[in-house]
Amino acid sequence: MHKHYTVHFAKGSRPPTDCYFLDPEMGHQKEILTEDDVYCSCLAKTLCHVPVPVTVGFYAPFGCRLHLMLDKITALMQQEATQREAEELQRVQCRPRSVRGWGFPQLLWYLVFLQPVITEVHLRRKNVKFLFIRFSAWQYAGTDKLWAGLVTTLCEGIRHHYGALPFSVYSVMGNKPGATPGFCQREWHCRLRVCLALLALLAALSLGVGLLYLSVGSRSLGHGGANGSLLQVVGGAATTLSGSGLLMAVYSVGKHLFVSQRKKIERLVSREKFGSQLGFMCEVKKEVELLTDFLCFLEIYQQCRLRVVLEVTGLDTCYPERVVGVLNAMNTLLSDSHAPFIFILVVDPSILAACLESAGSMKGTADNGYLFLNRTVTLPFSVPIMGRRTKLQFLHDAVQSRDDLLYREMTRKLRPPGGAGDGEGTRLLGVETRAGAERAQSRIDAEAARRIQEALFCLHDERDCLYEYVPDNVVSMRRIVNTVPITVRLLQQQQQGDFVGPSPRQAVAWVVLANQWPCRLSWVLQCLEDRQQAGGAPDARARLWDVFCDNSHELHTMTKALQNVLDLDGDPELFERFLDSDFPFTVAEAQSLLRCTVNLDHSIRRRMGLIRAVSALKPPSPPKSPAHDAPHAANGANQAPRAAVSGHFAGHTPAHAREAHHPQDWVQWGKPRPVA
């Protein structure tokens with residue numbers, strides 16, 4: 001029997017790690033035990049509602065449990081999709097059409113004879129299906145055309161999931177979904193041209209076969225002549241024309257069936273001087289548009305929203321020019337505003353920024369790699385520091401052997417929902433516990449939705465001053481709007497129990513602060529962390545602006561080393577007005593909001609901490625020479641210049657001590673040896 005816990009958190013404690021989500025396999029609620037699960041759950045819920053296309057910057061240091069978190073996000077998104085599909089089924093009482101089994105012939109019929117129409121009913125659908133495709137750039141790192149591997153992996157993944165025949169039929173006979181004519185609620189219209197053309201071909205074929213049969217019959221009866229020859233000619237012509245038309249359609253479908261998009265793109269890439277060919281990228285763009293239209297057709301057919309999640313990993317292990325090619329390919333795929341793509345770019349931002357800055361083809365375009373990333377990524381998500389429970393779980397799994405882990409996984413799948421020795425009271429208690437967990441999670445989700453609406457309203461409220469700090473850049477606006485739901489959900493999980501933390505308005509203001517001034521905010525947080533590690537805990541009521549003013553001189557000395565990072569910040573005067581008057585965040589509020597911050601690149605803080613630690617190192621003092629303690633007579637000719645030079649390096653040294661320097665203290669070129 002699964003146990004469920006409700007934990008109350010006091011002020012200043014870590015975010016809660018016990019929340020619940022629906023497990024479709026087990027049929028009941030399942031608890032989340034680690035901090036990583038909380039972050040992954042909030043990101044998964046946001047990706048189910050975020051408008052597409054979107055590029056998620058999954059930022060973390062190289063080798064930082066990224067694949068495990070991606071697997072968790074994949075599982076949570078599938079669970080969220082299953083839950084939304086059940087809710088949609090209860091609302092409309094209509095199951096989505098299947099593309100497998102008996103639904104496959106129906107899909108082919110719709111592809112040939114029916115025209116899809118985007119209606120209001122389709123736009124209001126909430127159920128969603130995800131197709132996950134993982135692209136490892138490391139597997140294509142040795143090729144010159146890494147970006148082609150990204151496009152071909154996407155095409156091959158969609159083709160493999162839905163089958164080669166439906167996409168081949170759509171490539172030959174499919175039609176792009178149209179808009180709703182007026183307020184019509186019909187999603188499918190008959191394709192009269194296709195039906196009439198097919199009927200004409202079949203009629204001509206039947207007529208030709210009939211005439212040939214009559215001509216052969218008349219000859220066998222001995223009545224052949226001019227009429228029989230005429231019937232044979234007309235019948236042969238009708239049969240040939242109609243049959244050739246049908247054979248051409250079948251040949252086109254077969255050609256697309258055996259020659260996939262992947263082979264087409266690889267054939268284009270393998271040509272010599274393909275980059276100089278006119279319209280090469282236009283051909284790639286046409287293939288991508290065909291794929292997008294096919295997915296839109298399937299959305300209307302399956303009566304749900306389709307989302308293709310492409311997880312790009314291993315990009316920070318490739319050469320700079322390869323990295324640039326992949327990012328350009330992503331921009332090509334995202335150029336269509338209706339493309340149902342969700343890109344999860346799993347990278348170390350510091351490595352990727354250095355690759356962009358060192359790439360020869362990006363000179364003048366990406367001189368600052370961080371700015372280029374901000375123009376590409378529309379939903380930043382920085383992987384947090386490993387929490388206590390997450391670390392303990394990793395250590396526990398590392399101690400166990402592989403056989404133990406496999407045995408535990410197998411027994412977990414084979415274990416029945418209730419043990420054989422469980423009594424009736426125990427089973428009833430488990431049902432009541434799961435029901436209570438469901439009600440608790442429903443209340444949490446409802447409260448989080450209300451807080452998200454309140455936070456987003458603060459962004460465009462003309463009575464509030466927050467909109468003045470939002471930049472005019474549309475990409476930055478989308479970054480802020482996409483990040484707010486994750487931050488509010490994490491804050492909602494943190495505020496369970498008696499703990500009362502920042503309001504939704506403060507949460508959205510913190511998101512704007514991290515988006516507009518990442519360098520200055522990272523500097524303030526790094527100063528607070530260093531002070532806390534040194535043993536002097538900062539005053540919880542102190543303002544962040546006061547902390548910044550106290551350490552701004554030290555930041556000024558690092559402007560050369562942090563030039564690229566400082567370029568990310570907005571107007572300094574607005575930063576002062578933001579923290580000094582409009583949103584005077586305190587140290588306690590900052591520490592509470594830091595646990596919910598996902599749009600602040602942690603590599604900036606690590607870089608600042610390293611520079612600050614190196615600058616704090618003091619050079620060791622050389623040991624004193626015994627000759628300095630014993631008085632020696634000095635030459636009168638050398639006494640004056642030596643005293644003058646020694647006085648320059650030791651301003652407060654007595655005169656007799658300056659005269660007592662040994663002649664060995666002088667080295668070549670007339671320079672004195674440094675004296676302690």
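Our structure's up above, just so we're on the same page.
Bear in mind that the values here come from a model prediction, so they are computed numbers and not experimental data.

Colleague: Please clarify how the packing of aromatic side chains should be interpreted in this entry.
Modeller: For any pair of aromatic rings, the description rests on two quantities: the centre-to-centre distance and the angle between the ring planes. The tally for this structure, following the rule as stated, stands at 21 aromatic pairs. Here W517 and F575 contribute two aromatic rings whose centre-to-centre distance is 5.6 Å and whose plane-to-plane angle is 55 degrees, an arrangement assigned as tilted. On the criterion of sequence distance, the pair formed by W517 in the loop between α18 (504-516) and α19 (518-533) and F575 in helix α22 (residues 572-582) is long-range, its members being 58 residues apart. The exposure classification of W517 matches that of F575, with both residues buried. Here the aromatic residues Y110, Y162, F167, Y170, W188, F294, F297 and Y301 are joined through ring pairs into a cluster of three or more.

Colleague: Which parts of the structure should I look at to understand the pairing of strand β3 (residues 54-59)?
Modeller: Each regular strand shows side chains that alternate between the opposite faces of the sheet. With six of its six residues buried, β3 lies for the most part within the structure. Of the two faces of β3, the one holding V54, V56 and F58 and the one holding T55, G57 and Y59 are both buried throughout. Relative to strand β9 (residues 341-347), β3 runs parallel, the two sharing six bridges. By the bridge assignment for β9, V56 is matched with I344.

Colleague: How should I be thinking about the packing of helix α5 (residues 146-162) against helix α11 (residues 320-333) in this particular structure?
Modeller: Each pair of packed helices gets described by two things: the angle between the helix axes and the distance between those axes. Interaxial distance between α5 and α11 falls to 7 Å at its minimum, and their mutual angle equals 40 degrees. When the axis of α5 is compared with that of α11, the two are oblique. Considering only the axes of α5 and α11, their crossing is right-handed. Each of L146, W147, L150, V151 and L154 in α5 lies in contact with α11, whose residues at this interface are R322, G325, V326, A329, M330 and L333.

Colleague: How do you make sense of the nonpolar core when you look at a structure like this?
Modeller: Soluble globular proteins: nonpolar side chains tend toward being buried together. Counting 84 residues, the largest nonpolar core has F58, F578 and F585 as the members making the most contacts within it. If one sorts the elements of this core by residue count, α18 sits on top with eight residues. Leaving out residues up to four positions away in the same chain, F585 has contacts with Q506, A509, W510, L513, A542, R543, L544, F578, L579 and L593. Listed in part, the 67 residues of the second largest apolar core include A148, L150, I300 and C304.

Colleague: Before we go on, may I ask you to explain the sheet that holds β9 in this structure?
Modeller: Think of a sheet as strands paired side by side through backbone hydrogen bonds, with each pair either parallel or antiparallel. With parallel pairing, five strands are arranged side by side in an open sheet as β5-β8-β9-β3-β10. Two strands bound the open sheet, and with one partner strand each, they are β5 (128-136) and β10 (379-382). Strand-to-strand, the axes of this sheet are offset by a mean angle of 20 degrees, without reference to chain direction. By the bridge criterion, five bridges tie strand β8 (residues 305-313) to β9 in an arrangement that is parallel.

Colleague: For this particular structure, what's the right way to read the sheet that holds strand β7 (residues 188-190)?
Modeller: Taking strand neighbours across the sheet as the criterion, the three strands line up as β6-β4-β7 in an open arrangement whose pairing is mixed. Each edge of the open sheet carries a strand with a single partner, namely β6 (178-179) and β7. Sheet topology note: the strand β4 (residues 114-118)/β7 ladder contains three bridges and is antiparallel. If you follow P116 over to β7, its bridge partner there is W188. The sheet strands contacting helix α3 (residues 103-113) are β4 and β7, and the helix crosses β4 at an angle near 85 degrees.

Colleague: Help me understand the environment of G243 in this model?
Modeller: Note on placement: G243 falls in helix α8 (residues 226-258). By relative accessible area, which is 18% here, G243 ends up buried. Taking the C-alpha atoms as reference, G243 lies 8.7 Å from L202; in sequence the two are 41 residues apart.

Criteria and thresholds
- Residues numbered from 1 in each chain as written.
- Predicted model: local features only at pLDDT ≥ 70, side-chain atom pairs only at ≥ 80, totals over all residues.
- Heavy atoms only, no water.
- Phe/Tyr/Trp six-rings, centres within 6.5 Å; stacked < 30°, edge-to-face > 60°.
- Helix = DSSP H or I, 4+ residues; strand = E, 2+ residues; numbered from the N terminus.
- Buried < 20%, exposed > 50% of the residue type's maximum accessible area, 1.4 Å probe, protein only.
- Pairing = 2+ DSSP bridges.
- Axes fitted to C-alpha atoms, helices over the stretch in contact; angles between N-to-C directions.
- Parallel < 35°, antiparallel > 145°, perpendicular 65-115°, else oblique.
- Left-handed = near helix turned anticlockwise from the far one by under 90°.
- Contact = heavy atoms within 4.5 Å.
- Core = buried A, V, L, I, M, F, W, Y, C linked by side-chain atoms within 4.5 Å.

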